[in-house]
Amino acid sequence: MESLKKSEILKLVVSILIPLIAGFIGSIATMSSIPTWYASIIKPDWAPPNWVFGPVWTTLFILMGIALFLVWRKGLWRRDVKIAVIIFAVQLVLNVLWSVIFFGLQSLLGGLIEIVFLWIAILATIIAFYRISKPAGILLLPYIIWVTIASYLTYTVYLLNI
């Protein structure tokens, strides 16, 4: 990675903070439900233990932030960059909404439906980012892999609890 100009360091920090703040907002809806409602529902044997989610999501949010920075630094004046950033924002809102719907509202079906839209938005973000910065698109691959697993987990939990 080419050396960062001092003016870009702030962009990098902001780019990383944006997804981390979104993750924090989502965790507000999540945290109170984990020891209560989520503990009481049936989960498949292969469901990851609860302690895995925090470190994984923190890592994914940092990777999202770096990817956002790599795209943003190409110039927000560019139409393709603006569109990519908007798509990124949409998927980030959908990310938070999943936590609100699944954990906050305790809606298994709502979470299942919403995560499909989230997955599509992540794919759109990867494509838009990759066209602007190949490393930015590649940095989002662990995110879509994790959300694919989370989607299957959500589906399985839904089936086990209907």
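Structure first, text after, so check above.
As the structure is a prediction and not an experimental result, all values here were calculated from the model.

Draft legend 1. Here's a closer look at the packing of helix 1 (residues 6-31) against helix 3 (residues 50-72). Relative to each other, helix 1 and helix 3 sit at 140°, their axes nearing to 8 Å. One element, helix 1, and the other, helix 3, form an angle in the oblique class. Crossing of helix 1 over helix 3 shows right-handed handedness. Where helix 1 approaches helix 3, its residues Glu8, Lys11, Leu12, Val14, Ser15, Ile16, Ile18, Pro19, Leu20 and Gly23 are matched on the opposing element by Thr58, Phe61, Ile62, Met64, Gly65, Ile66, Leu68, Phe69 and Trp72. Grouping the constituent residues of the contact of helix 1 with helix 3 by class yields 13 nonpolar, 4 polar and 2 charged.

Draft legend 2. Quick look at a nonpolar patch on the surface. On the surface, Trp46, Tyr130, Ile138, Leu141, Ile145, Ile149, Tyr152, Tyr155, Leu159 and Ile162 cluster together into a nonpolar patch covering about 1,000 Å² of accessible area. Take the nonpolar patch: its biggest share by element is 6 residues, from helix 7 (residues 141-161). With respect to the helices and strands, the residue isoleucine 162 is situated in the segment after helix 7.

Draft legend 3. Examining helix 4 (residues 79-104) more closely. Along its 26 residues, helix 4 runs 36 Å from first to last C-alpha, staying within 8% of the 38 Å computed at 1.5 Å per residue. A positive backbone phi angle near 55° is found at glutamine 106, which sits one or two residues after helix 4.

Draft legend 4. Geometry of the packing of helix 3 against helix 7. As a packed pair, helix 3 and helix 7 sit with axes 10 Å apart at the nearest point and diverge in direction by 140°. Accordingly, the angle class assigned to the pair helix 3 and helix 7 is oblique. In terms of crossing hand, the pair formed by helix 3 and helix 7 is left-handed. Together, Val52, Phe53, Val56, Trp57, Leu60, Leu63 and Met64 of helix 3 and Pro142, Tyr143, Trp146, Val147 and Leu153 of helix 7 make up the contact between the two elements. Here the residues of the contact of helix 3 with helix 7 are counted per class, giving 12 nonpolar, no polar and no charged.

Draft legend 5. The pattern of salt bridges, seen in detail. Counted under the stated rule, the structure contains 2 salt bridges. Note that arginine 73 is salt-bridged to glutamate 8, the shortest N-O span being 2.8 Å. Of this pair, arginine 73 sits in the loop between helix 3 and helix 4 while glutamate 8 sits in helix 1, and the two are 65 residues apart along the sequence. Relative accessible area serves as the criterion here: at 18%, arginine 73 is assigned to the buried category. By relative accessible area, which is 10% here, glutamate 8 ends up buried. Ionic pairing is found between aspartate 80 and arginine 78, a salt bridge with its closest N-O pair at 2.7 Å. The exposure class assigned to arginine 78 is partly exposed, which follows from its relative accessible area of 23%.

What counts and how
- Residues numbered from 1 in each chain as written.
- Predicted model: local features only at pLDDT ≥ 70, side-chain atom pairs only at ≥ 80, totals over all residues.
- Heavy atoms only, no water.
- Axes fitted to C-alpha atoms, helices over the stretch in contact; angles between N-to-C directions.
- Helix = DSSP H or I, 4+ residues; strand = E, 2+ residues; numbered from the N terminus.
- Parallel < 35°, antiparallel > 145°, perpendicular 65-115°, else oblique.
- Left-handed = near helix turned anticlockwise from the far one by under 90°.
- Contact = heavy atoms within 4.5 Å.
- Nonpolar A, V, L, I, M, F, W, Y, C, P; charged D, E, K, R; others polar.
- Patch = residues over 30% accessible without salt bridge, like charges linked within 9 Å, V, L, I, M, F, W, Y side chains within 5 Å.
- Areas by Shrake-Rupley, 256 points an atom, 1.4 Å probe, with all protein chains shown as cover.
- Salt bridge = Lys/Arg side-chain N within 4 Å of Asp/Glu carboxyl O.
- Expected span 1.5 Å × (residues − 1).
- Buried < 20%, exposed > 50% of the residue type's maximum accessible area, 1.4 Å probe, protein only.

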